[in-house]
Amino acid sequence: MPPISRGFQGRRRTDVDPARIPPGQYLTPDFPVLSAGPTPRTPPDAWTFSIDGAIDEPRRWTWAELLALPQETVTVDIHCVTKWSKLDTEWTGVSLDTLLDGVETAAEHVVAWSDGGYTTNLPLEDVTGGRAWIAHTYDGEPLAPEHGGPARLLVPHLYFWKSAKWVRGITLSVEDRPGFWEGYGYHNHGDPWREQRYWSD
Amino acid sequence: MAGAAVLERLTPRVPVTWRVATVRAVVDETPTARTLVLDVPGWPGHVAGQHVDVRLTAEDGYQAQRSYSIASGPEDPGLAITVQVVPGGEVSPYLAGEARPGDELELRGPIGGFFAWRVADGGPLLLVGGGSGLAPLMAMLRHRRAQASTVEARLLASVRGPADALYRAELDALGPREGLRVAWTYTRERPAGWTGFTGRVDAGMLAAVAPPPEAAPRCFVCGPTPFVETVADLLVRAGHDPRAVHAERFGPTGS
Ligand SMILES: Cc1cc2nc3c(=O)[nH]c(=O)nc-3n(C[C@H](O)[C@H](O)[C@H](O)COP(=O)(O)OP(=O)(O)OC[C@H]3O[C@@H](n4cnc5c(N)ncnc54)[C@H](O)[C@@H]3O)c2cc1C
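Values in this document were obtained by computation on a predicted structure and should not be read as measured data. Within every chain, residues take consecutive numbers counted from 1 along the sequence as written. For naming, the first written chain is A and the first written ligand is 1, with later ones following in the order written. In keeping with the model being predicted, local features are shown solely for residues with a pLDDT of at least 70 and side-chain atom pairs are shown and tallied solely at 80 or more, while totals for entire chains, interfaces and linings include all residues. Working from all heavy atoms in the structure, the side-chain values ignore hydrogens and water.

Chemist: Would you take a moment to explain the packing of aromatic side chains for this structure?
Modeler: The description of an aromatic ring pair rests on the distance of the ring centres and on the angle between the ring planes. Residue and element names in this part refer to chain A. Any Phe, Tyr or Trp ring, taking Trp's six-membered ring, that has another such ring centre within 6.5 Å forms a pair; planes under 30 degrees apart are called stacked, those over 60 apart edge-to-face, and the others tilted. Going through the model one piece at a time under the given rule, you end up with 19 aromatic pairs over all chains. Their ring planes at 55° and their centres at 4.8 Å tell us that tryptophan 91 and tyrosine 138 sit as a pair that is tilted. Of this pair, tryptophan 91 sits in strand β5 (residues 84–95) while tyrosine 138 sits in strand β8 (residues 133–138), and the two are 47 residues apart along the sequence. Accessibility classification places tryptophan 91 together with tyrosine 138 in one group, the buried group. Ring centres of tyrosine 186 and tyrosine 198 lie 5.2 Å apart, and the angle between their planes is 70°; this geometry places the pair in the edge-to-face category. Working definition: helices are DSSP H or I runs of at least four residues, strands are E runs of at least two. Numbering for both runs from the N terminus. Partly exposed residues are those whose accessible area sits between 20% and 50% of the maximum for their type, while under 20% is buried and over 50% is exposed, using a 1.4 Å probe and protein chains only.

Structure follows, in structure tokens:
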């Protein structure tokens, strides 16, 4: 039994379905920014997205090429490990299924890597099957640099540190290797519904 | 960013489980910020700069969690957090207003490891804090003092007015003075007779306070998100290696 915090009332939301809020999370109307270093600013014309690693022919797209691919607009809920959740966020981008279409690989894992040196690891099956995008538009506007623009990975069913900001590529790998926060003790998988915040959760 | 050896060192593999902490003392730092000194049985220790998750439970079982930087040094008895009241907030007004000695709350950690510094990591150090963002920087300076380290350390503290100057007396008295310089900037209201910096942190202030980029300082910037964005950008523009700029953003966009 957790101790009762004498006099603590809390602020219960009555206007949202509690089933949409993972354990330990609270709703926020704004869009907090959490990142470990300065915000990189790569102009779109210097930006590319690559798929490399366990793949016969690495793939690479320029900004214009990415925008020429089929685009999807999705409305999803997002959950940050620092406890805030935000409902009904709207993003536009390219599904990883599109980018990985026809790829033959023995890999079961991917590492997403970003400008600024950030990395995060995910099972391949978490970024396929309509569950992950390279998103460049948020709420109808170009994604702002502090939120990961020009483009970030969007994997809304995992804690948001997995949705690597400033993403520049993914490396397909047979072995699972921890990314940046995973190496500092955050959970390897990061499922908010199972409250997988830290490695021992 | 940091190599694997550093990761291992900073990530003690003690499970990050909830522990019951007891408030040992409360210290009013400013009219709107309070330090809670906590006894945490079984605490595995921490590195200056890391944070904890705090969980409160209401009588009907409702719970709320938030993150707070550890303000105490690893050598200090008791684990301290300094909480700034966010008006209308769910957790901070409770911690900074209601909690008293003897109260229990749940806590787990330490969490993080990138925004962290040990004397053995060396210097020079540039610490830039806005408001309650001074908390983890204070942990670093308390650690430096406990180790009697003379590593070169510069702190630039940005606060609204004299009433908001967190840890002011302790910082004034902090040793070893050798290698340590503390500068304040007052953004809204300055103390009588003040001749130091005023206004928001800008390039000129950083140039005056920071070791030059050639000295490759380890930079730690902490505070509200817009503050951290601005300062981190200024440091990169001034020629500091982006990989040496460690940022801890307290969250809201503050838009
Ligand atoms: C790693 C980390 C370390 C932190 N360390 C500290 C610390 O040492 N001391 C400390 O006081 N806080 C710290 N924070 C912030 C803290 O976790 C809470 O966000 C803060 O106490 C507000 O919580 P609340 O429940 O009172 O407000 P909420 O109920 O969460 O928010 C109420 C309203 O206030 C806004 N708001 C929330 N926080 C702020 C803010 N800081 N400034 C302006 N508006 C805000 C929200 O957007 C919301 O609209 C840290 C955050 C992180 C992620």
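Chemist: In this structure, what is going on with the site of the ligand? I would like to understand it.
Modeler: Proximity criterion: a residue is near a molecule or strand once any of its heavy atoms comes within 4 Å of it. In the neighbourhood of the ligand, 25 residues make up the surrounding shell, with Arg11(A), Ser67(B), Tyr68(B), Val91(B) and Ser92(B) lying closest. The backbone of Ser69(B) places a nitrogen or oxygen atom 3.1 Å from a nitrogen atom of the ligand. Polar contacts, as counted here, are pairs of nitrogen or oxygen atoms within 3.5 Å of one another; within protein the pair requires one atom able to donate a hydrogen and one able to accept it, and residues that are adjacent in sequence qualify only if both atoms are side-chain atoms. The backbone of Gln84(B) places a nitrogen or oxygen atom 2.8 Å from an oxygen atom of the ligand. Considered on its own, the ligand offers 920 Å² of accessible surface; in the complex 82% of this is hidden by protein. Sorting the residues of the shell around the ligand by element identifies β4 (63–69), β5 (79–84), α2 (92–98) and β12 (245–249) of chain B as the ones contributing at least two each. It is β4(B) that provides the largest number of residues to the shell around the ligand, a total of four residues. Broken down by class, the residue content of the shell around the ligand amounts to ten nonpolar, nine polar and six charged. Note that accessible areas follow from Shrake-Rupley with a 1.4 Å probe, and for residues the cover is restricted to the protein chains shown. Under the scheme applied, nonpolar residues are Ala, Val, Leu, Ile, Met, Phe, Trp, Tyr, Cys and Pro; charged residues are Asp, Glu, Lys and Arg; polar residues are all the others, including Gly.

Chemist: Looking at this model, I keep getting lost on the sheet that holds strand β2 (residues 48–53) of chain A. Mind explaining?
Modeler: Whether parallel or antiparallel, the strands of a sheet pair through hydrogen bonds between backbone atoms. All names here are of chain A. The strand order β3-β2-β11-β6-β7 describes an open sheet built from five strands, whose pairing is mixed. Every interior strand has two partners, whereas the edge strands, β3 (59–62) and β7 (119–123), have only one. Averaged over all pairs of adjacent strands, the angle between strand axes in this sheet comes to 15°, irrespective of strand direction. One bridge is not enough; two strands pair if DSSP finds at least two bridges between them. Bridging between β2 and strand β11 (residues 167–173) involves four bridges; their strand directions are parallel. Bridging from a neighbouring strand, serine 50 pairs with glycine 169 of β11. Helix axes use the C-alpha atoms of the stretch in contact, all axes being lines fitted to C-alpha atoms, and the angles between their N-to-C directions lie in the range 0 to 180 degrees.

Chemist: Please clarify how the interface of chain A and chain B should be interpreted in this entry.
Modeler: Reports of interface size often rely on the accessible area that becomes lost once the parts have come together. Taken together, the contact between chain A and chain B spans 44 residues of the former and 52 residues of the latter. Three residues, Arg6(A), Phe8(A) and Tyr184(A), lead the burial of chain A against chain B; their summed loss comes to 20% of the area buried on that side. A pair is scored as a salt bridge if a Lys or Arg side-chain nitrogen falls within 4 Å of a carboxyl oxygen belonging to Asp or Glu. In this assembly, chain A and chain B are joined by seven salt bridges. Counting every contact that joins chain A to chain B gives 18 residue pairs in polar contact (both at pLDDT 80 or more). Considering every element that reaches the side of chain A that touches chain B, the biggest residue donor is helix α3 (residues 180–183) of chain A, with four residues. For the side of chain A that touches chain B, a count of residues per class yields 18 nonpolar, 15 polar and eleven charged. Contact between two residues is taken to exist if any of their heavy atoms lie within 4.5 Å; hydrogens are not considered. By buried area we mean the combined loss of accessible area, with a 1.4 Å probe, across both parts when two parts are placed together.

Chemist: Before we go on, may I ask you to explain the environment of Phe8(A) in this structure?
Modeler: Note that Phe8(A) resides in the segment before β1 (26–27). Beyond its immediate sequence surroundings of up to four residues, Phe8(A) is in contact with Leu56(B), Thr57(B), Ala58(B), Tyr62(B), Ala64(B), Glu90(B) and Tyr94(B).

Chemist: Honestly, helix α3 (residues 134–146) of chain B in this entry has me stumped. Any pointers?
Modeler: Residues and elements named next belong to chain B. Expected helix span is taken as 1.5 Å per residue step, with the number of steps being one fewer than the number of residues. Its 13 residues place the ends of α3 18 Å apart at the C-alpha level, agreeing with the 18 Å of an ideal helix rising 1.5 Å per residue. Where burial is concerned, most of α3 is hidden: eleven out of the 13 residues are buried. Where α3 is concerned, the buried positions are Leu134, Ala135, Pro136, Leu137, Met138, Ala139, Met140, Leu141, Arg142, His143 and Arg144.

Chemist: Honestly, the pattern of salt bridges in this entry has me stumped. Any pointers?
Modeler: Here the idea is simple: oppositely charged side chains can pair when their charged atoms come close. As enumerated under the stated definition, the model contains 23 salt bridges over all chains in all. A salt bridge links Glu170(B) to Arg145(B), with the nearest nitrogen and oxygen atoms 3.3 Å apart. Placement of the pair is Glu170(B) in helix α4 (residues 168–173) and Arg145(B) in helix α3, with a sequence separation of 25 residues. Residue Glu170(B) is classed as partly exposed on the basis of its relative accessible area, which comes to 24%. Under the relative-accessibility criterion, Arg145(B) is labelled partly exposed at 33%. Note that Asp241(B) and Arg243(B) form a salt bridge whose closest N and O atoms lie 3.1 Å from each other. On the basis of relative accessibility, which here comes to 54%, the residue Arg243(B) falls in the exposed class. The network of salt bridges with shared partners includes Arg41(A), Glu229(B), Asp233(B) and Arg249(B).

Chemist: Please explain the environment of Glu178(B) as it appears in this structure.
Modeler: Residues and elements named next belong to chain B. Summarising the element assignment, glutamate 178 is placed in the loop between α4 and β9 (180–186). Separated by 27 residues in sequence, glutamate 178 and valine 151 place their C-alpha atoms 8.2 Å apart. Those residues within four positions of glutamate 178 in sequence are excluded, and the remaining contacts are Arg144 and Thr150.

Chemist: It is not clear to me how helix α6 (residues 225–237) of chain B should be interpreted in this structure. Could you clarify?
Modeler: Along an α-helix, a turn takes 3.6 residues, which lines up residues three or four apart on a common side. Taking 1.5 Å per residue, 13 residues should reach 18 Å; α6(B) reaches 18 Å between its end C-alpha atoms and fits that length. Summarising the contacts, the buried residues of α6(B) are in contact with β7 (125–130), β8 (153–159), α5 (203–209), β11 (218–223) and β12 of chain B.

Chemist: What am I meant to see in the confidence of the model for chain B here?
Modeler: All names here are of chain B. Residue-level confidence of the predictor is summarised by pLDDT, bounded by 0 at the bottom and 100 at the top. For chain B, mean pLDDT is 93; residues scoring 70 or higher make up 94% of the total. In this model, residues 1–10 is a region of pLDDT below 50 whose contacts with residues beyond four sequence positions or in other chains number 15 contacts. Confidence metrics for the complex model read pTM 0.93 and ipTM 0.89.

Chemist: Please clarify how the domain arrangement of chain B should be interpreted in this entry.
Modeler: Residues and elements named next belong to chain B. Each assigned domain of chain B is listed here: domain 1 (18–111) and domain 2 (119–250). Contacts between the two partners involve 19 residues from domain 1, matched on the other side by 17 residues from domain 2. Both faces combined, the contact of domain 1 with domain 2 buries some 1300 Å², and carbon together with sulfur accounts for 57% of it. In terms of surface lost to domain 2, no three residues of domain 1 exceed Ser69, Ala71 and Glu75, which account for 33% of the buried area on that side. Our count for the contact surface shared by domain 1 and domain 2 stands at zero salt bridges. For the side of domain 1 that touches domain 2, the secondary structure elements donating two or more residues are β1 (19–30), β2 (33–39) and β5. Along the lines of polarity and charge, the residues of the side of domain 1 that touches domain 2 split into six nonpolar, ten polar and three charged. Each domain's limits were defined by an automated method or a database of domain assignments.

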